[in-house]
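# Coordinate inspection notes
So the chains spell out like this:
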Amino acid sequence: MTTYIIRRVAWLIPVVFVVSVITFLLMHAAPGTPFQPVSDRPLPPAVIERLEEQFGLNEPIYIQYVNWVGNILQGDLGPSYRIRGRGVSDIIADNMWASVQLGTMSFALAVILGIPLGVIAALRQNKWPDYLSTFISVIGIATPSFVLAVLLVLIFSVTLHWFPTSGWRGPEYWVLPVVALSGYGIAQVARYTRASMLEVTRRDYVRTAQSKGLKERSIVTVHMLRNAFIPVVTILGPLLAGLITGSFVVESVFAIPGIGRFFVDAIFQRDYGLIMAVTLLYAVLIAVMNLVVDVAYAWIDPRIRYS
Amino acid sequence: MTATDDDRRVDPGSPAVAELPDTEKLPEAVSLETEEGRRLAAQLADEKARHARKLLEVRDLSTQFFTKDGVVHAVDRVSFELDYGETLGLVGESGCGKSVTALSLTRLVPDPPGKITSGEVIFDGVDIMKLSSEEMRLLRGKRIGFIFQDPMTSLNPTLTIGFQIAESARLHLGLSNRAANDRAVELLSKVGIPRARDRMGDYPHQFSGGMRQRVMIAIALACDPMLLLADEPTTALDVTIQAQILELIRSLSDEFGTAVILITHDLGIAAGMCHRVNVMYAGQIVETGVVDDLFENPRMPYAWGLLDSLPRLDEERGSRLRTIEGMPPDLIHVGDDCRFAPRCPYSRDICLEDEPQLTEREGPDHLARCWGTEPGRAWIE
């Protein structure tokens with residue numbers, strides 16, 4: 001298992017390399033540069049030329065890539081081309097944490113609520129708890145997070161004054177964004193858990209467990225949940241990665257100082273250094289999540305062994 | 001009785017003592033001996049009461065499935081009895097209600113869509129249809145053990161076999177984790193798993209099909225049940241393994257005095273294993289009798305057909321296997337007729353007009369459901 005993990009981690013290197021090359025090429029293929037954005041007031045050509053020279057943007061693209069790689073290897077993510085005086089490392093360090101917090105808490109909420117919802121729905125199939133759970137799932141999947149976010153603000157901040165409308169300064173600030181962001185995750189986890197539990201209910205080993213006279217509760221928790229969890233785990237890795245990287249909209253609604261906003265701005269402003277850094281960060285995050293999922297499989301299902 | 005039976009049977013001073021495999025285990029066995037002794041005394045007291053009654057009396061048991069196409073009469077007014085320690089065969093084609101009968105006895109019919117709609121099942125003096133679901137649960141696994149057809153799918157793939165065996169011993173016998181584990185090891189070696197203690201932590205996928213069925217048997221016997229329901233225990237296994245598993249079931253049921261209901265479509269197995277056989281057709285028992293009697297002198301055309309369809313060694317090579325023409329009836333549309341009549345070469349008008357009852361042939365032990373062999377009316381033969 002350890003060898004397997006080491007090998008998978010080693011595989012990160014070619015993955016990151018390919019992602020970086022593709023991003024680098026696409027980024028440069030897009031019209032405009034950091035100093036010539038498509039729809040902005042143009043700078044005088046002489047100024048642009050000087051800036052490009054200063055940042056090395058006048059070099060051929062492969063030289064630029066090699067330079068960038070060289071800097072990365074020395075731990076230097078380079079300067080931000082648009083935010084004067086701030087390095088990419090600083091921006092990421094200052095803003096990543098809020099995104100990670102938001103994403104992780106939303107993920108936890110999705111798991112903590114989604115799994116019981118799915119289990120209850122499956123155990124009471126076609127009875128009211130099932131319909132209620134399905135109703136919640138459909139709402140969760142069909143409602144975009146910004147709609148949910150605005151609704152939550154309207155109800156719980158503007159009308160009821162229970163929570164602040166925006167910011168990221170303490171637990172009371174966390175509630176609404178986390179709920180807004182996790183709506184989709186709760187629904188997704190509940191749906192998968194329900195389907196998986198229903199599948200497991202019909203398995204022969206559940207009948208064996210019943211024939212042993214076990215209590216209903218231990219049949220569900222000991223004999224069914226673990227088996228039902230195997231397909232659910234598949235979606236949990238991408239879900240966590242998605243919640244950490246995809247919180248841009250919720251961050252905007254609640255004015256959370258997360259990395260999502262910087263990423264979107266960086267793309268519009270062709271802030272090359274920041275685009276590259278955040279993309280690679282996301283790539284590594286998703287790859288690591290997939291590895292975690294694969295390891296979790298082996299832990300849950302003894303039939304799976306890696307070598 | 002518990003798995004210490006082996007030890008109890010060893011008469012001190014007899015040559016058998018020399019055969020005791022492991023002297024280190026002796027103190028353990030002795031400490032259990034007193035408890036065993038007390039149990040035996042209680043058992044003897046029970047014995048008299050038991051002689052008067054049967055282990056299992058099933059009366060007019062009906063189980064129906066309520067589907068959107070209609071009500072399926074899977075088990076239709078089935079009645080039979082089982083003595084303590086007896087092995088009874090339940091024989092018939094696929095879909096004739098054998099498995100549903102067995103599931104009904106433990107009230108494990110999936111509901112919905114299934115429902116036991118009538119009947120009494122008196123198990124060791126208690127009508128289990130009147131038990132609360134909690135009382136029923138305590139009976140399952142403890143007094144009634146179940147072996148299912150496919151050992152590949154009947155064991156939980158994510159739990160160790162040690163856990164799966166010890167689980168019910170812990171629950172029903174109130175054993176500690178340690179004692180339950182010791183019991184599981186004992187059972188495992190009893191069912192013939194080599195190096196039992198080492199294999200406790202293994203998962204089902206690490207065993208072959210036959211070994212898994214042995215594990216299944218160990219689970220079913222974990223609490224030393226009075227009745228073992230074996231639902232086609234060897235159908236999923238290859239023929240050489242079949243014989244071993246059947247032999248194992250027979251020797252363990254003899255040793256523990258466990259009654260067995262053996263469900264099978266293989267008449268050869270029934271002939272070799274059972275004291276008595278119930279032949280089922282379309283949800284009903286159509287013939288019942290002591291195994292030799294029934295096989296030598298079947299009194300119902302369906303039972304003939306079944307026996308005839310067995311391949312025989314003394315037959316000319318290349319001769320075709322005999323089959324029963326037609327298909328079993330659909331159990332939604334059942335009327336007042338003999339259900340086998342449409343396939344029966346001997347059927348007459350009465351077979352389509354009126355339903356025959358299980359009535360005596362030659363003696364009180366041999367019953368058949370057939371107008372054609374009904375005493376006083378018989379036209380067959």
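Before reading further, recall that the structure is shown in the block above.
Report follows, based on the coordinates. (Residues numbered from 1 in each chain as written. Chains lettered and ligands numbered in written order. Predicted model: local features only at pLDDT ≥ 70, side-chain atom pairs only at ≥ 80, totals over all residues. Heavy atoms only, no water.)

### Brief notes about the overall build of chain B
Put simply, the rule reads: Strands here mean DSSP runs of E at least two residues long; helices mean DSSP runs of H or I at least four residues long; both are numbered from the N terminus. Type-normalised accessible area, obtained with a 1.4 Å probe on protein chains alone, sets the label of each residue: buried when under 20%, exposed when over 50%, and partly exposed for intermediate values. Two residues form a contact once any of their heavy atoms are found within 4.5 Å. Using a 1.4 Å probe, accessible areas were evaluated by the Shrake-Rupley method; residue-level cover was limited to the displayed protein chains.
Along the backbone of chain B there are 14 helices and 12 strands. Across the 381 residues of chain B, 50% fall into the buried class. At a minimum sequence separation of 6, the contacts of chain B that also span at least 24 residues come to 65%. Carbon and sulfur atoms form 52% of the exposed surface of chain B, whose accessible area is close to 18,100 Å².

### So, the environment of Lys 190 of chain B
Residue and element names in this part refer to chain B. Spelled out, the test is: Here a polar contact means two N or O atoms within 3.5 Å. Within protein one must be a hydrogen donor candidate and the other an acceptor candidate, and residues neighboring in sequence count only if both atoms are side-chain atoms.
Mapped onto the fold, Lys 190 is located in helix α7 (residues 177–190). C-alpha of Lys 190 to C-alpha of Leu 56: the two residues are 134 residues apart in sequence and 27 Å apart in space. Polar side-chain contacts of Lys 190 include one of 3.2 Å to the side chain of Glu 255.

### Some words on the packing of helix α6 (residues 145–159) of chain A against helix α7 (residues 171–201) of chain A
All names here are of chain A. Keep this limit in mind: Only C-alpha atoms enter the line fits that serve as axes; for helices the fit covers just the stretch in contact. Angles between N-to-C directions range over 0 to 180 degrees. Helix crossings fall into two classes, left-handed where the near helix is turned counterclockwise from the far one by less than a right angle and right-handed where it is turned clockwise. Each residue gets one of three labels, nonpolar for Ala, Val, Leu, Ile, Met, Phe, Trp, Tyr, Cys and Pro, charged for Asp, Glu, Lys and Arg, and polar for the others, Gly among them.
Between α6 and α7, whose axes approach to 8 Å, the crossing angle comes to 145 degrees. As α6 runs across α7, the sense of the crossing is right-handed. Here α6 contributes Ser 145, Leu 148, Ala 149, Leu 152, Val 153, Phe 156 and Ser 157 to the contact with α7, which in turn contributes Leu 176, Val 179, Ala 180 and Gly 183. Of the residues belonging to the contact of α6 with α7, the class tally is 8 nonpolar, 3 polar and no charged.

### Thoughts on the sheet that holds strand β12 (residues 366–369) of chain B
Whether parallel or antiparallel, the strands of a sheet pair through hydrogen bonds between backbone atoms. Residues and elements named next belong to chain B. The criterion, for reference: Two strands qualify as a pair provided DSSP detects at least 2 bridges between them.
Spatially, the 8 strands line up as an open sheet ordered β6-β7-β8-β3-β9-β10-β12-β11, and their pairing is mixed. With one partner strand each, in any of the chains shown, β6 (144–147) and β11 (358–361) form the two edges of the open sheet. The sheet shows a mean angle of 20 degrees between the axes of neighbouring strands, taken without regard to direction. As paired strands, β11 and β12 are joined by 4 bridges and run antiparallel to one another. In the strand pairing of β12, Arg 361 is matched with His 366. Strands β3 (87–91), β6, β7 (227–231), β8 (259–264) and β9 (276–281) of the sheet are contacted by helix α3 (residues 98–105), whose axis makes an angle of about 150 degrees with β8.

### Focus on the sheet that holds strand β5 (residues 126–127) of chain B
Residue and element names in this part refer to chain B. Taken together, 4 strands build an open sheet; the order of strands is β2-β1-β4-β5 and the sheet is antiparallel. Every other strand in the sheet has two partners, leaving β2 (70–82) and β5 as the edge strands with one partner each. The sheet contact formed by strand β4 (residues 114–123) and β5 spans 2 bridges and is antiparallel. Its bridge partner lying in β5, Ile 122 is registered against Asp 127. Relative to the sheet, α3 contacts β1 (56–67), β2 and β4, its axis offset from that of β1 by approximately 110 degrees.

### Examining a nonpolar patch on the surface
Residue and element names in this part refer to chain A. Applicable threshold: Patch members must show over 30% relative accessible area and no salt bridge, and they are joined within 9 Å when carrying like charges or within 5 Å when they are nonpolar side chains of Val, Leu, Ile, Met, Phe, Trp or Tyr. A pairing counts as a salt bridge when a side-chain nitrogen of Lys or Arg comes within 4 Å of a carboxyl oxygen of Asp or Glu.
A cluster of nonpolar side chains, namely Phe 146, Val 147, Val 150, Leu 151, Leu 154, Ile 155, Val 158, Leu 160, Trp 162 and Val 253, defines an oily patch on the protein surface of about 870 Å² accessible area. The element that contributes the greatest number of residues to the nonpolar patch is α6, accounting for 7 residues. If you trace the backbone, Leu 154 turns up in helix α6. A relative accessible area of 48% means that Leu 154 is categorised as partly exposed.

Remember that the coordinates give geometry; whether it matters functionally is a separate question.
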